[in-house]
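# Secondary and tertiary structure notes
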Amino acid sequence: MEELQNRMKTVLATSFAFYLKAHNYHWNVEGQNFPQYHTFFGDLYTEVFAAIDPIAEQIRVLDTYAPGSFSRFKEMSSIQDETNVPSGIMMAKKLMEDNEKVIQDLTFANTEAEKLKQIGLVNFLQNRIEIHKKHGWMLKSITKG
Ligand SMILES: [Fe+2]
């Protein structure tokens, strides 16, 4: 159970870091395609932010505490923090790579949940994987030459 709890805490930290980066890019993107990027990053952060609370509540269902601080998130997230302002296309590329890390963390958690026959959680995680795969398709399409 401890392995699953830890995997889920990583899912929360990585998802939050991904959300924050998309929101950061929504605020700071510039250039010719500003409206498209601004709107796309806006939709992306909104979708991922809506998943943060359900992920944290799934952690509570596993009878452990949900991390909820910058220091803990930084410790556990698989995503590198963004402190610069890249170009729009670079923002999309970075999010595309980070999105793969989100999918990887979700997959690790899903494997543990399957081992422990946590069917509800398996269903939840597989749904998140499917949604992030769709985000990946869009990010890939944006960054294509
Ligand atoms: Fe906004």
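Coordinates for the structure precede this section.
Description of the structure in this document. (Residues numbered from 1 in each chain as written. Predicted model: local features only at pLDDT ≥ 70, side-chain atom pairs only at ≥ 80, totals over all residues. Heavy atoms only, no water.)

A few words on the side chain of Q5. Along the chain, Q5 falls in helix α1 (residues 2-28). We classify Q5 as buried; its relative accessible area is 15%. A polar side-chain atom of Q5 sits 2.9 Å from the main-chain carbonyl oxygen of L62. In contact with Q5, not counting residues within four places along its chain, are L62, D63 and T64. (Helix = DSSP H or I, 4+ residues; strand = E, 2+ residues; numbered from the N terminus. Buried < 20%, exposed > 50% of the residue type's maximum accessible area, 1.4 Å probe, protein only. Polar contact = N/O pair within 3.5 Å; in protein donor to acceptor, adjacent residues only side chain to side chain. Contact = heavy atoms within 4.5 Å.)

Quantified by volume, the largest pocket comes out at close to 320 Å³. Lining of the largest pocket is provided by 13 residues; of these, A17, L20, F70, K74 and D81 occupy positions nearest its centre. When contributions to the lining of the largest pocket are tallied by element, the ones reaching two or more residues are α1 and α3 (70-76). With five residues, the single largest contributor to the lining of the largest pocket is α1. (1 Å grid on protein atoms, 1.4 Å probe; cavity = no way out; pocket = protein on both sides within 12 Å on 5 of 7 lines; lining within 4 Å. Points joined across faces, edges and corners; volume = space filled by probe spheres on them.)

What follows deals with the packing of aromatic side chains. For the structure on display, the rule yields seven aromatic pairs. Arranged with centres 6.0 Å apart and planes meeting at 65°, the rings of Y19 and Y45 form a pair that is edge-to-face. Taken together, the residues Y19 in helix α1 and Y45 in helix α2 (residues 34-61) connect sequence positions 26 residues apart. Residue class for Y19 comes out buried when judged on its relative accessible area of 11%. (Phe/Tyr/Trp six-rings, centres within 6.5 Å; stacked < 30°, edge-to-face > 60°.)

An α-helical segment advances 3.6 residues per turn. Residues three or four places apart therefore align on the same side. Given a rise of 1.5 Å per residue, 28 residues ought to cover 40 Å, and the 41 Å separating the end C-alpha atoms of α2 matches this to within 8%. Trailing α2 by a residue or two, D63 shows a phi angle of about 65°, which is positive. (Expected span 1.5 Å × (residues − 1).)

The next thing to look at is the packing of α1 against helix α4 (residues 88-115). Contact geometry for α1 and α4: axes closest at 9 Å, N-to-C directions at 165°. One way to sum up the angle between α1 and α4 is to call them roughly antiparallel. Like other packed secondary-structure pairs, α1 and α4 cross with a definite hand, here left-handed. Tallied by class, the residues present in the contact of α1 with α4 amount to 13 nonpolar, five polar and eight charged. (Axes fitted to C-alpha atoms, helices over the stretch in contact; angles between N-to-C directions. Parallel < 35°, antiparallel > 145°, perpendicular 65-115°, else oblique. Left-handed = near helix turned anticlockwise from the far one by under 90°. Nonpolar A, V, L, I, M, F, W, Y, C, P; charged D, E, K, R; others polar.)

The next thing to look at is unusual backbone geometry. Of note, D63 is a non-glycine position whose phi angle comes to about 65°, a positive value. The topology assignment puts D63 in the loop between α2 and α3. Taking relative accessible area as the criterion, D63 reaches 68% and is therefore assigned exposed. The phi dihedral of K117 is positive, around 55°, even though this residue is not glycine.

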